[in-house]
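# Survey of secondary and tertiary structure
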Amino acid sequence: MKIAITGAQSTGKSTLLDSIKRDDRRDGLLPEYVFIDELTRSIKGKGIVINENGDNLTQLLTNNTHIDNILLNNFVSDRCIIDSYVYTIWLHRNGKIDEWVLLYSYHLFLTLVGMYDRIYYLKPEFDVVADGVRSSSTSFRDEISNLFEEVINDHDIDVIKLTGSVQERTNQFYNHI
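The following paragraphs examine the structure supplied in this document.

Calculation rules
Residues numbered from 1 in each chain as written. Predicted model: local features only at pLDDT ≥ 70, side-chain atom pairs only at ≥ 80, totals over all residues. Heavy atoms only, no water. Phe/Tyr/Trp six-rings, centres within 6.5 Å; stacked < 30°, edge-to-face > 60°. Helix = DSSP H or I, 4+ residues; strand = E, 2+ residues; numbered from the N terminus. Buried < 20%, exposed > 50% of the residue type's maximum accessible area, 1.4 Å probe, protein only. Pairing = 2+ DSSP bridges. Polar contact = N/O pair within 3.5 Å; in protein donor to acceptor, adjacent residues only side chain to side chain. Contact = heavy atoms within 4.5 Å. Axes fitted to C-alpha atoms, helices over the stretch in contact; angles between N-to-C directions. Salt bridge = Lys/Arg side-chain N within 4 Å of Asp/Glu carboxyl O.

The next point concerns the packing of aromatic side chains. Geometrically, a pair of aromatic rings is defined through the distance of the ring centres and the angle of the planes. Scanning the entire structure with this criterion turns up eight aromatic pairs. Ring plane angle 45 degrees and centroid distance 5.8 Å describe the contact between Tyr85 and Tyr106, whose orientation is recorded as tilted. Linking Tyr85 in helix H5 (residues 81–93) with Tyr106 in helix H6 (residues 99–112), this pair joins segments that are 21 residues apart in sequence. For Tyr85, a relative accessible area of 9% translates into the label buried. Of the residues examined, Tyr106 reaches a relative accessible area of 27% and is grouped as partly exposed. Where Trp90 meets Phe140, the ring centres are 4.7 Å apart and the plane angle is 75 degrees; that geometry is what we call edge-to-face.

This is the structure in structure tokens:
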């Protein structure tokens, strides 16, 4: 199965993925799965700008990483093509990237989004936590979160919404496998 956890920054995706990896149910339900950590940190590690300052190169790298990921057979991924498309929309609306990159992202989104077997969606329920990588701007997170809702609704994407504490979200995740 191809499983993704999606949502704006600082909604608990990485924390949830770590909890899923440590959970006792993993061996029985996800024995040979690859766990794909959040990709933005590796992009920033290459010296590429991210968050509100992303550019054409940022979004091309992000989009293309999702092509590589979707080719795997069994995985749980922190982020998916929805994330890449949403951030690309925001960056384009704010004059940070070119139209052709938005169009590329859109067509890639349309191609890949139906290939996921499960997409878990996390809305903002917690305060933004500054970690030196993700944006600490609450207004940016809110704008991104609104774009997630827009894209999910406009494209009628079947997502499973997870809420509550980390343990509650982990239980909900495993209940839907």
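Glancing now at the pairing of strand E4 (residues 118–122). Taken across its five residues, E4 has four buried, putting it largely inside the fold. Judged from the four bridges that link them, strand E1 (residues 2–6) and E4 form a sheet pairing that is parallel. Bridge pairing links Ile5 to Tyr120 in E4. Pairing between E4 and strand E5 (residues 160–162): three bridges, direction parallel. Paired with Tyr120 across the two strands is Ile160, which belongs to E5.

With that out of the way, let us pick up the side chain of Gln59. Take Gln59: it is sitting in helix H4 (residues 56–70). The buried category is assigned to Gln59, whose relative accessible area is 4%. Engagement of the side chain of Gln59 in a polar contact is seen with the backbone oxygen of Ser84, the distance being 3.3 Å. Each residue touching Gln59, except ones within four places of it in the same chain, is listed here: Ser84, Tyr87, Thr88, Leu91, Ile97 and Val101.

Moving on to the sheet that holds strand E3 (residues 75–78). Pairing within the open sheet is parallel, and its five strands lie in the order E2-E3-E1-E4-E5. Each edge of the open sheet is held by one strand with a lone partner, namely strand E2 (34–36) and E5. The average undirected angle you get between the axes of adjacent strands in this sheet is 20 degrees. Looking at chain direction, E1 and E3 are connected through four bridges and run parallel. Paired with Ile5 across the strands is Asp78, a residue of E3. Sheet contacts for helix H1 (residues 13–22): E1, E2, E3, E4 and E5; angle to E1, the most-contacted strand, approximately 140 degrees.

A few words on the pattern of salt bridges. A full pass over the atoms with the stated rule returns seven salt bridges. The partner of Arg93 in a salt bridge is Glu150, and the shortest N-O contact between them spans 3.1 Å. Of this pair, Arg93 sits in helix H5 while Glu150 sits in helix H7 (residues 138–154); the two residues are 57 residues apart in sequence, bridging distant segments of the chain. Accessibility expressed as a relative area gives 53% for Arg93, which makes it exposed. A residue is classified by how much of its surface remains accessible, and Glu150, at 32% relative accessible area, is partly exposed. Put simply, Glu149 and Lys123 hold a salt bridge, and the shortest N to O gap is 3.8 Å. Remark: Lys123 occurs in the loop between E4 and H7 and Glu149 occurs in helix H7; sequence separation between them is 26 residues. A relative accessible area of 19% places Glu149 in the buried class. Looking at Lys123, the relative accessible area reads 37%, which means it is partly exposed. Through salt bridges with shared partners, a single network forms among Asp18, Lys21 and Asp37.

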